Every structure is written in structure tokens, then in C-alpha cells.
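Understanding the architecture of this molecule
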Amino acid sequence: FCVIPAVEVKIEVVIPEKERSKEEMSPNGKASPLIYKVNGTARHYHLEEHPIASNPYHNPKDVVEASVCHVKDLENGQMREVDLGCGKALLIKESGEFHAVGHKCPHYGAPLVKGVLSKGRVRCPWHGACFNIGTGDIEDFPGLDSLPRFQVKIEKEKVYIRASKQALQTQRRTKMMAKCISLSNYNLSSTNVLIIGAGAAGLVCAETLRQEGFSDRIVMCTMDRHLPYDRPKLSKSMDSHPEQIALRPKEFFCTFDIEVLTEMQVAAVDVKSKIAVFKDGFKMEYNKLLIATGNTPKTLSCKGKEMENVFNIRTPEDANRVVKLATSKNVVIVGASFLGMEVAAYLAERAHSVSLVELEHVPFKKFFGERVGRAVMKMFENNRVKFYMQTEVSELREQEGKLKEVVLKSGKVLRADVCVVGVGAVPATGFLKQSGINIDSKGFIVVNKMMQTNIPGVFAAGDAVTFPLALRNNKKVNVPHWQMAHMHGRIAALNMLAHGTEISTVPYLWTAMFGKSIRYAGHGEGFDDVVIQGDLDELKFVAFYTKSDEVVAVASMNYDPIVSKVAEVLAAGRTIRKRDVDAVVFLSFRTGDMSWLTGKGT
């Protein structure tokens, strides 16, 4: 990977080791830089050596075998975390058979024994990722890796697990992937698959293609300067550096021949000629195209919006800069959005003061409802966050070129050294206006259940699309959340390969504030009532969002794994009625009985 500041863009090119000749190697064994001509401009690429990890099972000393329980210790539908001496595994019994897989979710390390077991898969209690208990493969997201699967045998009524020590320690497994057959034969300005955007949707699409055996060229391009990273952490863990939140290391892209072009902006797409035109004039032909450009944050429209120390948080550098400037200073956050509230929570202990300005009278009212919103607001107030509700910013004032005050339409003047704007976003699809790709009135790309646009060979995924949500009778919706972007990318890749796979996942999201998480599953847009179980004042509750007597979404705090259990109900095609909420909570949370998950219907 090489960065050349003399040109407008930086391109990271991966060339497999088998294509490197001895002439390309320098005397010290390092790969020498290569130079290519792109539209008449010389651009440099550096080829790096990246060893490929060996299979841990090839070493007999790496294998451990242990007796973990008696066959009668587990009933059908039960899970147990078992210790093999050098690491733990998750032992599962379902339909009379035992299975053993990794015990931690590869996403953020949640204990899967506290998750939900249903119909051959286990769902993470924290963020909803699902894994096949027979293979360990990831079946729903977030996260990229699968679980390691361990061998189980029964001898004299005892259950034994045989496992790799390395797998027990890492608790993750990357699926087998193909490599590109021969990158050396390709024209630099032509690719089989072009992916515009390097977020979760784009990366999962590229990985899925390789997992399915696709061995042609894949190119991802992004306006960002970094390889794909964990974007939700920008507001939840603001001082994280890019390398700490990278979704994959550089070596991964080398190993599996996924090329990433950084700081490259597509200005137009010619769908008839199958050409993407970049802002600097560079053109790239494609056979299949995925558009996963995400969204663009809205900005303030008031006087002073362009001054220094006013931020939309889009990159790790933005987040790091805000933390540095906000420490022991006065912060004003505009917008009680997920981003705004998470930033407020993160900065509350670091800043001298945190003020939050919001047009509504309660945070999250449209998403979580007024009662939950008030409970969250009270938690923030108890942590020194000051709210200014039902007002807007009329002016940002400066002193010596830097932000000094935020003036509200209510007349209130707030001291401010830093201002973070979180007032929503719009789809980043402006470059497609003349393309012929179907865009709705709000700027979203319209796709079908296979993530296909109206143009053959052109797919779209992530925050910039509307798609038919099976959960809501195939209503076209926009779900701008991390888990859904992963699934969009996978479905798009499968259908690039003509698998005919339709999306049917249940939306799942989470937010983290002051060490507490709200988990949410379903799609509650337009809910007309909220049924709450638990204690809002104690911040231990579950809220069921209903529309016309049907539960369409659920949220909880300190009530795990209820949201994951309800997500499994909805994923099974079952309908939960408002009158059934008490029984749902009792059966799933208090007794652990999951028999009501089986079958379809009400």
C-alpha cells in the first residue's frame, strides 16, 4: 500500500504473491514500487509481503480434547459454556444432537450462552448477530467473522469436545475465500465488480463474493482516506484511532485480492457504457456495480456555520479532534439524534459543560416514544447534560475566527468552544441524478428484495436505499443502520452471482450511552402505541411498539436477551399481538421457554 501526496488520489492496489516476479523484488527481499500510467498521470503502488496464516489444525500439538459433561446434563434447547482447560466453547443440544462452537460473538465479544437458541442457530444477546450451530457460519449481522466449530463425540455417556487451542483463544473464524486468478492480466481501468463505497455494505459484498468462489477482479472505491472501519464507534468511542477500529487489516485485502481505492470520488455513472467517471477524470469500466455510498450529514443553515470548531462527525479524525478540543471546554451539540446523544454521553465527563439543542420536546420521541425518551433524557440530565428543547440555532458567533457562542432562536446564548452538528443526513446519491437509476423523491435508490436497481447489473445497498421489508408486508423502507448494511451487502453479492436470494432479515440496532445500551429490533415507523414492561425510572424495561394491535418493534434496556428473543419470533414469521405482550415477557424472559417460537402465524 502506498500513499503518494503528489497526485490527487491515493490508490491501494493488492497484487497476489503468485503474480510477483523475482525482478520486482529488491535485494532486501521487500517488494519494489511499481509505476502505472492512469489517464496520462504516473501513479505509484508499493507491493508488500503479507504471510498467510497456516491452518491451526495442521499441528497436532495445537489440538486439545476434553470431557465436558454427561449426556444427560443438557436438555434439548439448552446451551452451556464449557471449559477445555486452555479456552472455552459453547456446547449446545438441539433435537437430540450436540454441537460445539465458539462461546463469544466475534463482533464485540458477547457471551453467546446468554443469547437465544432457535431452529439451528444462536443469536447474540447484544447486537443480534446469528450463527449456525452446525457450521458456526454467520447468518445475520453485525460482524464479519464466523464462529469456530469444534468436534463433538459421545463415549460412555460422556460428551467430549476436540478443538484447536488457537481457535479457542481467538473465538473467531474467517470463511474460506477465493483469490483473484490473475491480476496481472487486467487493464487498470477495468474491473468485473466495482463497489462504490467502503462501509459495511461494500466490504461484506466483496467478502461474500470471495466466499462464494468468485475469482475475478473486485475494486472498492471510497472518498475516505482509510480502509473500511467500524463507523458506529465514531460517536460511541470517539478517541479511537483508525487502526483500532479497522474492520480488516491491510493484510486481509492483500491476501484475498480486494483492491481499495481511497480518496476517490465517483462523479457520474454511465450505465449504458458501464463506466464510472471519477472526479479527477479517471474512468473505470465494470461488469457489475454496487452503489453503497451511504449518506451525507446535513449542515446548519445559520450564520457562522462554516467557522472553525464546528463539526459534522464523519471520520476518525473528526471524532478525535472533537474530543481534544472539548476536553475541559464548553460543548454545544445540535440535534438529539443517535449521533448527537452518543456524542453528548461520551463528552459529558470530559468537557466542562455539554449543552444539547433539539427542536422536539423529548429526545428520540419519534423512534422510542415519549415515555422512553423522557427516561433517557433524565439519565442525561443526571450526568450534567443540559437540554434546550423546542428551539433551533439562529447564529454561531466567533472570536478571533473561532467559535465562541451559540445563539438560539429562543434568545438564549450558550458559551461554546466546540459545536457538533447531528441534525440528520441525506442519501449520498446526487451523482446519480442523470444516470437513469431509479431514485425516489427523497434521494434514495429504489431496489427490490435482491438489492437490484432498475438497471440490470447495478445493485445498491446500505443507508442510501429503500427496499421491501418483509416484516412490514414488503413496504419500501429506509433502514440506515449498521446491521442492515451488512445484510444488504451480502444479498447484493449473492445476486450478482445469480443466486436469486431475497432479503428477509429483521432490523436490529443498538445505542450506547453512559455505560448502558438500548437494544432495538423491528421497524416501528408509524407506531400508534407503546406497551412498557419493567421500570423506566430504574432504566430496566422493555418497550413493545404496536400498530393496529400488532407488535412491529421492541426496545429494551437492562432486559437482555428479550430483544434478541423477539427478533427470532419476528424472523420466524410469527405475529405478536398487543394482548400477548405479558405472556411474551413471562415466557421468554422469566422462564426461558422458547417453544412459542416454533411454527408460523400468530
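Structure shown above.
Computed from a prediction, not measured in an experiment: that's the story for all the values here.

1. Concerning the packing of helix α2 (residues 200-211) against helix α9 (residues 482-496)
Between two packed helices, what matters for the description is the angle formed by their axes and the separation of those axes. Between α2 and α9, whose axes approach to 7 Å, the crossing angle comes to 40°. Handedness of the crossing formed by α2 with α9: right-handed. On α9, the residues touching Ala200, Ala201, Val204, Cys205, Thr208, Leu209 and Gln211 of α2 are Trp482, Ala485, His486, Gly489, Arg490, Ala493, Leu494 and Met496. Considering only residue class, the contact of α2 with α9 consists of 10 nonpolar, 4 polar and 1 charged.

2. A word on unusual backbone geometry
What you tend to see is this: most non-glycine residues have negative phi, and most peptide bonds are trans. Note that the residue after Phe141, namely Pro142, is joined by a cis bond; omega there is 20°. Here Pro142 shows up in the loop between β11 (138-140) and β12 (149-155). Cis geometry is adopted by the peptide bond preceding Pro561, which originates at Asp560 and carries an omega value of 0°. Note that Pro561 resides in the loop between β39 (550-557) and α10 (562-571). One non-glycine residue, Lys156, lies in positive phi territory at about 50°. Tracing the backbone through its elements, the reader meets Lys156 in the loop between β12 and β13 (158-164). The phi angle at Asn558 is positive, at roughly 55°, despite the residue not being glycine. With respect to the helices, strands and loops of the structure, Asn558 is situated in the loop between β39 and α10.

3. Here we look at the sheet that holds strand β18 (residues 275-278)
As a general point, the strands of a sheet are linked pairwise by backbone hydrogen bonds and lie either parallel or antiparallel. Taken together, the 3 strands give an open sheet; going across it, the order is β17-β18-β19, and neighbouring strands pair in antiparallel fashion. Two strands in the sheet have a free side with no partner beyond their single neighbour: β17 (266-270) and β19 (283-285). This sheet shows a mean twist of 20° between the axes of neighbouring strands, independent of strand direction. Across 3 bridges, the pairing between β18 and β19 is antiparallel. Paired with Ile275 across the bridge in β19 is Glu285.

4. Quick word on the environment of Tyr545
In this structure, Tyr545 sits in strand β38 (residues 540-547). Looking at Tyr545, the relative accessible area reads 0%, which means it is buried. Separated by 19 residues in the primary sequence, Tyr545 and Gly526 place their C-alpha atoms 9.4 Å from one another. For Tyr545, the side chain forms a polar contact with the main-chain oxygen of Phe368, separated by 2.6 Å.

5. Brief notes about the sheet that holds strand β28 (residues 413-415)
Read from one edge of the open sheet, 3 strands run β26-β27-β28, paired in antiparallel fashion. Unpaired on one side and paired on the other, β26 (393-399) and β28 mark the two borders of the sheet. Adjacent strand axes in the sheet meet at a mean angle of 30° when their direction is disregarded. Note: β26 against strand β27 (residues 402-408), 6 bridges, orientation antiparallel. Bridge pairing links Val393 to Leu408 in β27.

6. Concerning the packing of aromatic side chains
Enumeration according to the criterion identifies 15 aromatic pairs in this entry. Between Phe338 and Phe368, the aromatic rings sit 5.9 Å apart at their centres with planes inclined by 85°, giving edge-to-face as the arrangement. Residue Phe338 is found in helix α6 (residues 338-347), and its partner Phe368 is found in helix α7 (residues 365-368); the two are separated by 30 residues along the sequence. Judged by centre distance (6.2 Å) and plane angle (65°), the ring pair of Phe380 and Phe387 falls under edge-to-face. Across this residue pair, the class does not change: Phe380 and Phe387 are buried. Taking the ring centre of Phe252 as reference, the NZ or CZ of Arg248 above it sits at 4.5 Å.

7. Digging into the state of the cysteines
Counting across every chain of the model gives 0 disulfides. Among the cysteines around Cys124, which has no disulfide bond, Cys105 carries the closest sulfur, lying 3.9 Å off.

8. Observations regarding the pattern of salt bridges
Using the criterion set out here, one finds 22 salt bridges in the structure. Among the ionic pairs, Arg123 bridges to Glu568, the shortest N-O distance being 2.8 Å. Placement of the pair is Arg123 in strand β9 (residues 121-123) and Glu568 in helix α10, with a sequence separation of 445 residues. What makes Glu568 buried here is its relative accessible area of 4%. In this structure, Arg519 engages Asp560 in a salt bridge whose closest nitrogen and oxygen atoms are separated by 2.8 Å. Within this pair, whereas Arg519 is found in strand β36 (residues 516-522), its partner Asp560 is found in the loop between β39 and α10, the two being separated by 41 residues in sequence. On the accessibility criterion, Arg519 (8% relative accessible area) is buried. Salt bridges sharing partners connect three or more residues here, namely Glu65, Lys153, Glu155 and Arg162.

9. A look at the pairing of β12
Across 2 bridges, strand β7 (residues 97-101) lies against β12 in antiparallel orientation. Bridged to Val101 within β12 is Arg149. Pairing analysis gives 5 bridges linking β12 to β13, with the strands arranged antiparallel. Of the residues in β13, the one forming a bridge with Ile154 is Val159.

10. Points about the environment of Asn474
Take Asn474: it is sitting in the loop between β33 (465-469) and β34 (475-477). For Asn474, a relative accessible area of 35% puts it in the partly exposed group. Not counting residues within four places of it along the chain, the set of residues in contact with Asn474 comprises Lys449, Pro468 and Leu469. Within the local environment of Asn474, its side chain forms a polar contact with the side chain of Lys449, the two groups lying 3.0 Å apart.

What counts as what
Residues numbered from 1 in each chain as written. Predicted model: local features only at pLDDT ≥ 70, side-chain atom pairs only at ≥ 80, totals over all residues. Heavy atoms only, no water. Axes fitted to C-alpha atoms, helices over the stretch in contact; angles between N-to-C directions. Helix = DSSP H or I, 4+ residues; strand = E, 2+ residues; numbered from the N terminus. Left-handed = near helix turned anticlockwise from the far one by under 90°. Contact = heavy atoms within 4.5 Å. Nonpolar A, V, L, I, M, F, W, Y, C, P; charged D, E, K, R; others polar. Pairing = 2+ DSSP bridges. Buried < 20%, exposed > 50% of the residue type's maximum accessible area, 1.4 Å probe, protein only. Polar contact = N/O pair within 3.5 Å; in protein donor to acceptor, adjacent residues only side chain to side chain. Phe/Tyr/Trp six-rings, centres within 6.5 Å; stacked < 30°, edge-to-face > 60°. Lys NZ or Arg CZ within 6 Å of the ring centre and 35° of its normal. Disulfide = S-S within 2.5 Å. Salt bridge = Lys/Arg side-chain N within 4 Å of Asp/Glu carboxyl O.

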